[in-house]
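# Examining the three-dimensional arrangement
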Amino acid sequence: MTLVRVPDIGDFEDVEVVEILVGPGDRVELEDSLVSIESDKATMEIPSPVAGEVGEVHVSLGDRVSEGSPLLEIRPLEQADDAAPAEVEPAAPEEASRASAADRGETSAAPATARTEEEPPPTGPRSAPSEAGGEEAEAFESRAKEAEAPEVEASGEPALRPGDAAPRRPPVAEEPAPRPDAPHASPLVRRFARELGVDLQRPRGSGPQGRILPEDIKAYVRDAFGRGAGGESAAEESPPAVDAARFGPVHEEPLGKIRRVSARNLARSWRTAPHVTQHDEADVTELEAFRKTLAEDAKERGVKLSPLHFVMKAVAIALRDFPDMRSSLSLDGERLIVKDYVHLGIAVDTEHGLVVPVVRDVDRKGLHGLAEELAELADKARARRLGPADMQGASFTISSLGGIGGTAFSPIVNVPEVALLGLSKLSVKPVWNAGLDVGREDGRFEPRITLPLSLSYDHRVIDGAVAVRFTTRLVRLLSHPAHLLL
Ligand code: CAO
């Protein structure tokens, strides 16, 4: 048996094992990658010093290793029987990198002393990420750039990359070791794939010998946006084609851009976030009376106050105490990005489709200002004059169908936000004025104006108990309008 140890890796010590690419019984060729280790400055693969069969593996994911640490044993091909492990140190990762690249007919322009990244192929139009829109797409793009960046400087020292602040990987126990027949990919590409949660078995490698390049990961992710959660292709997921013309006259209408983009975004949100909708009702009798007293004044200022503007204020107040409600889940699923601002997306119905402009700093604005701003944004939306900046940066979204009708609905969360409040139509209901004390003699039914609330939330981030505490808080705020002033 040959005992493979960590070779000379320069000044690095206590480096984390981030991938174990082989397991006992696996056949490896000379220079095949065995283990990936990653310091805070560079990622390196340890190549096999011999061809043979892997025996015992001495390290686990997350272990810390330094030069000389035992990694695993290999029974060389020509060696028939067990023997005491021979001490063989693999080539330093950088040398191995050059050797294996040469073996595969690849060329590297860099005078590398550490494994280098291939030149990425010319980048094509980046339609999917930009269509995906918003922070998610930006994060995607920045990671893609990071994976494209050469990891080696001319000096030969592993480069310090700005992306070193990249989020931590998932807990090692959850990260399955790729099989040894995993396609070739450089450490940076592997890391890029890990961060995006891409199983390296899936993308098609377009590099030499099927090597996976950053572009392949990006193409796979772009494609995944259009696929089902189970990994089916869009075609497999589509309903069976039915020729409607067989049953009567039909005509076709092309979908406009807004509808196509929002269809994609809604489908993605529905697929990525496990949705739950919490329903409640607020007694807004007093609030409605208050709104009426303000109507004349508002008219003089040229604005119209609707229930929605009061709900915006109530949401802004409630969000103070519910930071998770104004958060997003990081792409690697390991952190919540809590927004300390209260920018509210407001769904606007237009003849071209649904758009969601954002009203900023709602917590710092008065009712009239909000009404004015929302009216302007809605006008702009209907005139198709909203720019991308008008629709970015929301911490939470409200969708009001109350002006149209309905008693409740199940809105789709505007991912990467984690919750969305739907409003339905006010109605008058008989409410027992003694709470649950139905036997009380002086109890009676009173007509009360109620506003139906439907809070949809991403159950990966928001627990049901938190959601119902949030709606309960909203109900209290809306039932006692004086609280909106606090
Ligand atoms: N119950 C009863 N009446 C309501 C109400 C409610 N919950 N909310 C608003 N109204 C009333 C308003 O007071 C107004 O009455 P008047 O005409 O008597 O003044 C009327 O309904 C129309 O209101 P509005 O819709 O013009 O104004 P708004 O501020 O409430 O909403 C906007 C603005 C842009 C959100 C809205 O016009 C809109 O586009 N809503 C549709 C959003 C949508 O499509 N969501 C679905 C997304 S899919 O999940």
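Residues numbered from 1 in each chain as written. Predicted model: local features only at pLDDT ≥ 70, side-chain atom pairs only at ≥ 80, totals over all residues. Heavy atoms only, no water.

Attention shifts here to the pairing of strand E18 (residues 419-423). Most of E18 is tucked away, with five of its five residues classed as buried. Side chains of E18 alternate between two faces, with Ala419, Leu421 and Leu423 and Leu420 and Gly422 buried alike. Inspection of the sheet shows strand E17 (residues 396-400) paired to E18 by four bridges, in the parallel sense. Its bridge partner being in E18, Ser399 is matched across the sheet by Gly422. Of the pairings in the sheet, the one linking E18 to strand E20 (residues 445-458) comprises five bridges and is antiparallel in character. Paired with Gly422 across the two strands is Ser454, which belongs to E20. (Buried < 20%, exposed > 50% of the residue type's maximum accessible area, 1.4 Å probe, protein only. Helix = DSSP H or I, 4+ residues; strand = E, 2+ residues; numbered from the N terminus. Pairing = 2+ DSSP bridges.)

This part is about the pattern of salt bridges. On inspection of all chains with the given rule, the structure shows 20 salt bridges. For Glu373, the salt bridge goes to Lys365, with nearest N and O atoms at 2.9 Å. For Glu373, a relative accessible area of 23% translates into the label partly exposed. The class for Lys365 is partly exposed, based on a relative accessible area of 25%. In this structure, Arg448 engages Glu446 in a salt bridge whose closest nitrogen and oxygen atoms are separated by 3.7 Å. (Salt bridge = Lys/Arg side-chain N within 4 Å of Asp/Glu carboxyl O.)

Bridging between strand E3 (residues 27-28) and strand E6 (residues 52-57) involves two bridges; their strand directions are antiparallel. Of the residues in E6, the one forming a bridge with Val28 is Gly52. As defined by bridge partners, E6 adjoins strand E8 (residues 70-76) across four bridges and the pair is classed as antiparallel. The residue of E8 that forms the bridge with Val54 is Ile74.

A few words on the nonpolar core. Membership of the largest hydrophobic core comes to 54 residues, with the highest contact counts inside it found for Met312, Met325, Leu344, Phe396 and Ile398. When residues of this core are traced back to their parent elements, those giving at least two are helix H8 (285-300), helix H9 (307-321), strand E13 (344-346), helix H10 (367-382), E17, E18, E20 and helix H11 (464-479). Top element by residues in this core is H9. It accounts for 10 residues. With near-sequence residues (within four places) excluded, Ile398 lies in contact with Leu308, Val311, Met312, Val315, Leu344, Gly345, Ile346, Ala347, Leu421 and Leu423. (Core = buried A, V, L, I, M, F, W, Y, C linked by side-chain atoms within 4.5 Å. Contact = heavy atoms within 4.5 Å.)

Bringing the side chain of Ser36 into the picture now. Within the element layout of this structure, Ser36 appears in strand E4 (residues 33-38). Beyond its immediate chain neighbours, meaning those up to four positions away, Ser36 contacts Glu16, Val17, Val18, Glu19, Leu21, Met44, Glu45 and Arg190.

The next thing to look at is the site of the ligand. Within the structure, the ligand sits among 22 residues, and Ser306, Asp349, Arg382, Ser399 and Leu426 are positioned closest to it. The side chain of Ser399 places a nitrogen or oxygen atom 2.9 Å from a nitrogen atom of the ligand. Between a nitrogen atom of the ligand and a main-chain N or O atom of Ser400, the distance comes to 3.0 Å. Broken down by secondary-structure element, the contributors of at least two residues to the shell around the ligand are H9, strand E14 (348-350) and E17. (Near = heavy atom within 4 Å. Polar contact = N/O pair within 3.5 Å; in protein donor to acceptor, adjacent residues only side chain to side chain.)

This next bit is on the confidence of the model for the protein chain. With 75% of its residues at a pLDDT of at least 70, the protein chain reaches an overall mean of 79. Predicted confidence for residues 94-180 stays below pLDDT 50, and this span has 162 contacts to residues more than four positions away or in other chains. (pLDDT = per-residue confidence, 0-100.)

Turning next to the packing of helix H4 (residues 187-196) against helix H5 (residues 214-225). At a closest axis distance of 9 Å, the pairing of H4 and H5 adopts a crossing angle of 20 degrees. Considering the angle they form, H4 stands roughly parallel to H5. As for the relative orientation of H4 and H5, their crossing is right-handed in sense. Taking contact as the criterion, the partners of Val189, Phe192, Ala193 and Leu196 in H4 are, on H5, Pro214, Ile217, Lys218 and Val221. Taken together, the residues of the contact of H4 with H5 break down into seven nonpolar, no polar and one charged. (Axes fitted to C-alpha atoms, helices over the stretch in contact; angles between N-to-C directions. Parallel < 35°, antiparallel > 145°, perpendicular 65-115°, else oblique. Left-handed = near helix turned anticlockwise from the far one by under 90°. Nonpolar A, V, L, I, M, F, W, Y, C, P; charged D, E, K, R; others polar.)

Before going further, it helps to spend a moment on the sheet that holds strand E5 (residues 43-47). In spatial order, the strands read E5-E4-E2-E7; together these four strands make up an open sheet with antiparallel pairing. In this open sheet, the two edge strands, each paired with only one partner strand, are E5 and strand E7 (64-65). Sheet analysis places E4 next to E5, joined by five bridges and oriented antiparallel. Pairing of Val35 across the sheet is with Ile46, part of E5.

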